[in-house]
Amino acid sequence: MAGPIDKTLRTAKSHAKSGAFAEAEALYREVLTRFPGNKRAQAGLAEIAQTRASTRPMNPPRPVIDQLFGLKKSGRDREAAEAAARVLKQFPRAPAAMEVRAAALSALDDHEGAAALYRELVGMFPDAPDAHGSYGNELMALNRDDEAVAEFERVLELRPGDPVSLNNIGNAKRRAGDDKTARKLYHAAHEAAPDFAEAQLNLGNMLAKDGELDEAEFHLKAFLHKVPDHYLTLSSLGDLYLAKGDKQSARESYERALHYRPGFPDALAGLAHIQRATADDPLFDALTASLAQPGHSAKQRAGLEFALGKLREESGETEAAFGHYTRGNALRKEAQGYTIARDVERFAQIKQAFPAPPAEIPETAPDGPEPIFIVGLPRSGTTLTEQIISAHPQVAPGGELTELSQQFNEFDWTDPDLLAQKAPEIRAEYREKLRKLGQGAPFVTDKMPLNFRWLGAIRAIFPQAKIVHTNRDPRAVIWSIFRLNFSSDGNDYAYDLDDLVAYHGLYRDLMAHWRTLFGATLYDLDYEQLTATPEPVIRDMLAYLELPFDEACLRPQDNTRIARTASRDQVTKPIYKGSSQAWEKFAPHLETAFAKLD
């Protein structure tokens, strides 16, 4: 123990010498938490207190302070920073000058310089919540999120329920991928301050991501009532309306976004996906012009390329369309840094984790609806299958539920005990979600396609669950994925033809493994057979699901429940054949990749 404690004390003393009193105090207190009688830590804290008392900072005269704040308030940040620096030479550590210079440096994107000043202010005024909050903001800008969260938590100690700090911690949790905690924090921030626009916006966006579209719409519209020209939210609201199938409202939202921000790529791409191309469509020029503009993110540039690909394909320009799709995919792949080796290793670990059918993990008393899992690859018919099944009066649609993937994606599948440890919590949260979606129905669908990876865990946690696996011509699936710009980052294998072919092989191999383990408890649905002869296939699937036949299942186009995926347009039509041949007009570009399918 002595070694680590000595190192901590030496680090604390070094911080104190450099004037970083807040960091030094934190380390001394950490030692005293573990060893309350530690003399060196006690002496260190006393020395810091004495130093602070003997070096009380002096502010310059009031007219000088007013001038500094006047420069900052008028937006003359560079002048404010320089003027504050001159004042600090005459009045070292003058709090007002430090505050103005820090704020000005932050506005000039010098977050390192701003953070150094705010850190010093925190050391001078450890009980000032605004100093901790400002320091936390700069740490967030520097991607030092863990340190930032510590500052925001200190604000909450000093000012309980502070909505800005709750919101900021939510931002840090969201960036770390902890959407569940982020959503709770955004909700708490909104409850604490209903007029706090940023928290309401973040809550609305998180609800939209979770598929709770009606509640998300309420919050996004409430935010826009406060900030009507916020083009980012107008575009997001357009995406939400598109997910709900309300194309007219989506168009209006995208056009309002473009009114406030002409050429905004997300809104232009949204419009492209609403309408079919015509030869003289001005959207071609608008998309091309936006693509030529600097400053767009890689994801935005990819969205423009995919949108142009769609319009060129619809206007019969196959060569140009393929070029746009290829460039859009390359941008997404580079941004996500994907390599197929990562999934090769993961799939091998999953198979090794389930060499035999898993033992059932006991559940006291199942409460609420049972899940019906619809799995496969994206674009393999999962949306149509859900529309068919959820047309049944005993089934509520769940859409693509993210709960299981969020949990299992983080698993170390080489740990043989982890699933049994985590299963009760995972199952309880998932069942709560099903109850909310089911609204009294005995069954709820979950059509997250990539849940095929977790069938071993699903069988252990939900041994009675029905699992429908959709099969489709792999060429149709791969081409359909390749021409689709996914809104989320979860399908990172999807942006390269060779990766897609390799991933399809991993998928096919893992599904063969699950069939060996689970046999007839899985139902394989052939998409081409479904579209060729719907009624016998649907009757057979309902028999597997142990549901009585219902005529409504033969008319999925009349199912008013929302299909919130890229396939939503297709499922508003009667079941039809032919969609699996769409890749053929691009065959010359696909031959090399498709030759590797076997």
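What should I look at first to understand unusual backbone geometry in this one?
The phi torsion of most residues other than glycine is negative, and most of the peptide bonds are trans. Non-glycine residue asparagine 143 carries a positive phi angle of around 60°. Mapped onto the fold, asparagine 143 is located in the loop between helix H8 (129-141) and helix H9 (145-158). On the basis of relative accessibility, which here comes to 58%, the residue asparagine 143 falls in the exposed class. Backbone geometry places glutamate 546, a non-glycine residue, at a positive phi of 60°. If you trace the backbone, glutamate 546 turns up in the loop between helix H28 (534-544) and helix H29 (587-594). Exposure remark for glutamate 546: the relative accessible area of 61% places this residue in the exposed category.

Where do I start with the pairing of strand S1 (residues 370-375) in this structure?
In regular strands, side chains alternate between the two faces of the sheet. Counting buried positions along S1 gives six out of six residues, so the element sits mostly inside the fold. Of the two faces of S1, both are covered, the one formed by Glu370, Ile372 and Ile374 as well as the one formed by Pro371, Phe373 and Val375. The pairing of S1 with strand S3 (residues 443-446) spans four bridges and is classified as parallel. Looking across to S3, one finds that phenylalanine 373 is bridged to aspartate 446. Sheet topology places S1 next to strand S4 (residues 466-471); four bridges connect them, and they run parallel. Residue pairing in the sheet places valine 375 in a bridge with histidine 469 of S4.

Just to check I follow, could you spell out the sheet that holds S4 for this structure?
Paired through their backbone hydrogen bonds, the strands of a sheet run either parallel or antiparallel. Taken together, the five strands give an open sheet; going across it, the order is S2-S3-S1-S4-S5, and neighbouring strands pair in parallel fashion. Strands at the two margins of the open sheet, each flanked by one partner only, are strand S2 (395-396) and strand S5 (522-526). Alignment of S4 against S5, held across five bridges, turns out to be parallel. By the bridge assignment, threonine 470 is partnered in S5 with leucine 525. Across the sheet, helix H21 (residues 382-390) is in contact with S1, S2, S3, S4 and S5; its angle to S1 comes to roughly 150°. The sheet strands contacting H28 are S4 and S5, and the helix crosses S5 at an angle near 170°.

What counts, and where the lines are drawn
Residues numbered from 1 in each chain as written. Predicted model: local features only at pLDDT ≥ 70, side-chain atom pairs only at ≥ 80, totals over all residues. Heavy atoms only, no water. Helix = DSSP H or I, 4+ residues; strand = E, 2+ residues; numbered from the N terminus. Buried < 20%, exposed > 50% of the residue type's maximum accessible area, 1.4 Å probe, protein only. Pairing = 2+ DSSP bridges. Contact = heavy atoms within 4.5 Å. Axes fitted to C-alpha atoms, helices over the stretch in contact; angles between N-to-C directions.

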